[in-house]
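Secondary and tertiary structure notes
The lines below spell out each chain.
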Number of protein chains: 2
Amino acid sequence: MSDHTIRSFDVDLGALSGKILEMARLAQKQLADALDALEKSDVALAEQVIASDEMIDALQRDIEEKAIVAIARWQPMAVDLREIVATLRMSYDIERIGDLGESVARRTIALAGAPRIGKAMQHFQGMARLVLVHLACVIESYECRDITGAMEIWRKDEEIDTLGNALFRELLSDMSETPDTIAYCTHVLFCAKSIERVGDHVSNIAESIYYIVEGRPLPKLPSRAASAGRGALPPAA
Amino acid sequence: MSDHTIRSFDVDLGALSGKILEMARLAQKQLADALDALEKSDVALAEQVIASDEMIDALQRDIEEKAIVAIARWQPMAVDLREIVATLRMSYDIERIGDLGESVARRTIALAGAPRIGKAMQHFQGMARLVLVHLACVIESYECRDITGAMEIWRKDEEIDTLGNALFRELLSDMSETPDTIAYCTHVLFCAKSIERVGDHVSNIAESIYYIVEGRPLPKLPSRAASAGRGALPPAA
């Protein structure tokens with residue numbers, strides 16, 4: 001590519017990167033709003049989150065189309081293609097974070113008016129707020145191409161799984177002691193599962209940042225490989 | 001592109017398509033094995049499913065790399081790029097189906113030895129086997145580029161959500177009536193959620209087939225748009 005072509009390609013790549021940041025910040029806001037709505041039983045806010053998910057989906061389709069047009073126009077080399085493919089992969093992870101925020105919002109509506117269990121909700125919110133912090137950090141790491149920051153968040157995903165596991169046990173015990181709360185606790189269980197999944201997507205985004213900066217996939221580390229895909233899982237009895 | 005180049009590009013595209021089919025059939029086998037393991041409390045088979053998930057992940061990375069090399073080598077036009085991007089998108093959906101099969105296998109191990117509730121497990125298996133049929137159909141639709149078959153499966157995802165909803169209510173009621181079964185039922189609830197998510201990924205694959213054949217995204221239909229991302233969701237009380 002000539003110098004001029006390289007500069008123009010960089011403009012398109014920068015625009016793509018800007019769209020990903022826009023999409024990620026929107027998903028971050030949606031998730032924060034969904035958690036606020038759940039905490040305050042704010043049905044109107046939950047409905048707003050559900051209605052806005054379509055914006056995230058539209059941004060994802062826009063990113064995909066922009067990536068295709070940039071590749072067709074500039075015919076970049078493999079190293080730049082890797083960045084674009086990693087960007088596409090990130091866009092799928094962010095779209096899912098949006099869906100999971102929407103799912104928490106839908107459960108907020110289902111739970112409205114139900115008697116709550118303060119302690120379980122407090123522990124849920126603690127875990128959820130930590131995932132929100134991780135999401136904010138990974139977005140910043142992407143913006144600054146900060147591989148150290150991204151890897152720190154990647155390693156911290158196990159903390160989320162541990163919190164999730166403790167919360168699952170607590171909710172099972174609440175249900176056994178007070179069977180009236182079974183439906184309520186089940187919804188909170190699913191919200192916790194959604195948040196744990198958000199943590200997994202944050203972790204995937206960190207891996208994509210590694211791939212963009214280093215030009216190769218993150219090597220599998222034994223400690224993470226052993227727990228990959230497991231998530232929190234209490235025993236049956 | 002010259003005739004010769006076009007033919008060589010088609011060879012690479014065909015190889016990519018073959019890899020996707022290999023990956024999809026492996027995920028299908030893994031899910032079927034996971035369901036068998038759950039039905040028969042076969043811990044050894046469940047462990048085999050968990051160990052094999054890495055093969056699906058490796059195929060996904062291979063597909064991504066092959067796609068990048070094919071694009072860099074042949075510099076295809078936008079229409080062919082769309083097919084490659086849709087193929088990548090499908091590979092992410094198939095990878096998740098593999099993860100969800102693994103998740104069912106992990107719960108099989110957690111549940112081993114726990115007393116079972118025959119009826120709930122029977123209803124779960126009915127729903128799960130239907131999703132397996134949908135998965136088989138969508139793989140065949142991809143192989144034959146059969147848009148009609150793909151759209152039929154896409155429309156049928158609502159049936160899975162309806163079955164999921166009925167099963168969720170049944171499990172909540174089982175838990176209320178027999179609190180001893182709470183831990184067991186919770187695991188089955190999560191297995192049902194995993195299967196419902198497999199249905200969503202099958203639906204996404206059908207959308208990607210539409211995109212490959214028609215060269216444009218599937219238009220949003222009002223009936224599906226209203227239920228998108230919701231899944232089964234019993235009320236709180």
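What counts, and where the lines are drawn
- Residues numbered from 1 in each chain as written.
- Chains lettered and ligands numbered in written order.
- Predicted model: local features only at pLDDT ≥ 70, side-chain atom pairs only at ≥ 80, totals over all residues.
- Heavy atoms only, no water.
- Helix = DSSP H or I, 4+ residues; strand = E, 2+ residues; numbered from the N terminus.
- Areas by Shrake-Rupley, 256 points an atom, 1.4 Å probe, with all protein chains shown as cover.
- Lys, Arg positive; Asp, Glu negative; His and termini not counted.
- Charge placed at Lys NZ, Arg CZ, Asp CG, Glu CD.
- Axes fitted to C-alpha atoms, helices over the stretch in contact; angles between N-to-C directions.
- Parallel < 35°, antiparallel > 145°, perpendicular 65-115°, else oblique.
- Left-handed = near helix turned anticlockwise from the far one by under 90°.
- Salt bridge = Lys/Arg side-chain N within 4 Å of Asp/Glu carboxyl O.
- Buried < 20%, exposed > 50% of the residue type's maximum accessible area, 1.4 Å probe, protein only.
- Contact = heavy atoms within 4.5 Å.
- Expected span 1.5 Å × (residues − 1).
- Bend = angle between axes of the 7 residues up to and from the residue.
- Disulfide = S-S within 2.5 Å.
- pLDDT = per-residue confidence, 0-100.
- Phe/Tyr/Trp six-rings, centres within 6.5 Å; stacked < 30°, edge-to-face > 60°.
- Lys NZ or Arg CZ within 6 Å of the ring centre and 35° of its normal.

1. A short note on the overall build of chain A
Check the secondary structure of chain A and you find 7 helices and 0 strands. Secondary structure elements in chain A, listed N-terminal to C-terminal, are α-α-α-α-α-α-α. Counting only C-alpha atoms, chain A reaches 70 × 45 × 25 Å along its principal axes. If you sum the accessible surface of chain A, you get close to 9500 Å²; carbon and sulfur atoms cover 55% of it. Here chain A carries 26 positive and 37 negative side-chain charges, and the mean point of each set is 2 Å from the other.

2. Focus on the packing of helix α4 (residues 118–144) of chain A against helix α6 (residues 182–214) of chain A
Residue and element names in this part refer to chain A. Relative orientation of the contacting elements α4 and α6 amounts to 15°, with a least axis distance of 10 Å. Considering the angle they form, α4 stands roughly parallel to α6. In this structure, α4 meets α6 at a crossing whose hand is left-handed.

3. Quick look at the pattern of salt bridges
Considering all chains together, one arrives at 36 salt bridges over all chains under this definition. Across the pair D200 of chain A and R197 of chain A runs a salt bridge, and its minimum N-O distance is 2.9 Å. Residue D200 of chain A and its partner R197 of chain A are located together in helix α6, separated by 3 residues, close to a single helical turn. In terms of burial, D200 of chain A and R197 of chain A fall into one category: buried. E39 of chain B is the partner of R129 of chain B in a salt bridge, and the nearest nitrogen-oxygen pair spans 3.3 Å. Here the residue R129 of chain B occupies a position in helix α4 (residues 118–143), and E39 of chain B occupies one in helix α1 (residues 3–40), the gap between them amounting to 90 residues. Judged by its relative accessible area of 29%, R129 of chain B falls in the partly exposed class. Overall, E39 of chain B belongs to the partly exposed group, its relative accessible area being 38%. Several salt bridges converge on common partners, so that one network encompasses K19, E22, D62 and K66 of chain A.

4. Comments concerning the packing of helix α5 (residues 147–177) of chain A against helix α6 (residues 182–214) of chain B
For any two helices packed against each other, one specifies the crossing angle of their axes together with the interaxial distance. Orientation of α5 of chain A relative to α6 of chain B, taken along the N-to-C sense of each, is 125°, at an axis distance of 10 Å. Taken together, the axes of α5 of chain A and α6 of chain B lie oblique to each other. The interaxial crossing formed by α5 of chain A with α6 of chain B has right-handed handedness. Facing F168, L172, M175 and S176 of chain A of α5 of chain A, the residues of α6 of chain B in contact are I182, A183, T186 and F190 of chain B.

5. Quick look at α5 of chain A
The terminal C-alpha atoms of α5 of chain A lie 46 Å apart, and with 31 residues this matches the ideal 45 Å at 1.5 Å per residue to within 8%. Of all the bends in α5 of chain A, the greatest measures close to 30° and is centred on R155 of chain A.

6. Topic: unusual backbone geometry
Residues and elements named next belong to chain A. Here the phi dihedral of S41 falls at roughly 50°; this positive angle occurs in a residue that is not glycine. Using a relative accessible area of 33% as the deciding quantity, one classes S41 as partly exposed. You will see that Q75, though not glycine, has its phi angle at about 40°, which is positive. With respect to the helices, strands and loops of the structure, Q75 is situated in the loop between α2 (43–74) and α3 (78–111). Given the relative accessible area of 34%, Q75 is considered partly exposed.

7. A look at the side chain of H201 of chain A
On the secondary structure map, H201 of chain A appears in helix α6. Discounting chain neighbours no more than four positions away, the residues touching H201 of chain A are D93, R96, I97 and L100 of chain A.

8. Some thoughts on the state of the cysteines
Residues and elements named next belong to chain A. Using the criterion set out here, one finds 0 disulfides over all chains in the structure. Among the cysteines around C191, which has no disulfide bond, C185 carries the closest sulfur, lying 12 Å off. Here C191 falls in the buried class, since its relative accessible area comes to 1%.

9. Structural notes on the confidence of the model for chain A
Residues and elements named next belong to chain A. Confidence in the prediction of chain A, expressed as mean pLDDT, is 90, and 91% of residues score 70 or more. Between residues 225–230, whose pLDDT stays under 50, and residues either more than four places distant or in other chains, the model counts 7 contacts. Complex prediction metrics read pTM 0.91 and ipTM 0.89.

10. Observations concerning the packing of aromatic side chains
Applying the stated criterion across every chain, the model contains 4 aromatic pairs over all chains. Aromatic side chains F190 of chain A and F190 of chain B sit 4.9 Å apart centroid to centroid with 50° between the ring planes, which places their arrangement in the tilted category. Note that F190 of chain A is positioned in helix α6 and F190 of chain B in helix α6, a pairing that runs across two chains. In this structure F190 of chain B comes out as buried when scored by relative accessible area, which is 5%. Ring pairing ties together the aromatic residues F168 and F190 of chain A together with F168 and F190 of chain B, which thus form one cluster. Directly above the aromatic system of Y211 of chain A lies the positively charged group of R89 of chain A, at a separation of 4.8 Å from the ring centroid.

11. Digging into the side chain of R89 of chain A
For R89 of chain A, the location among the structural elements is in helix α3. Apart from residues lying up to four places away in sequence, R89 of chain A is in contact with S208 and Y211 of chain A together with E64 and Y92 of chain B.

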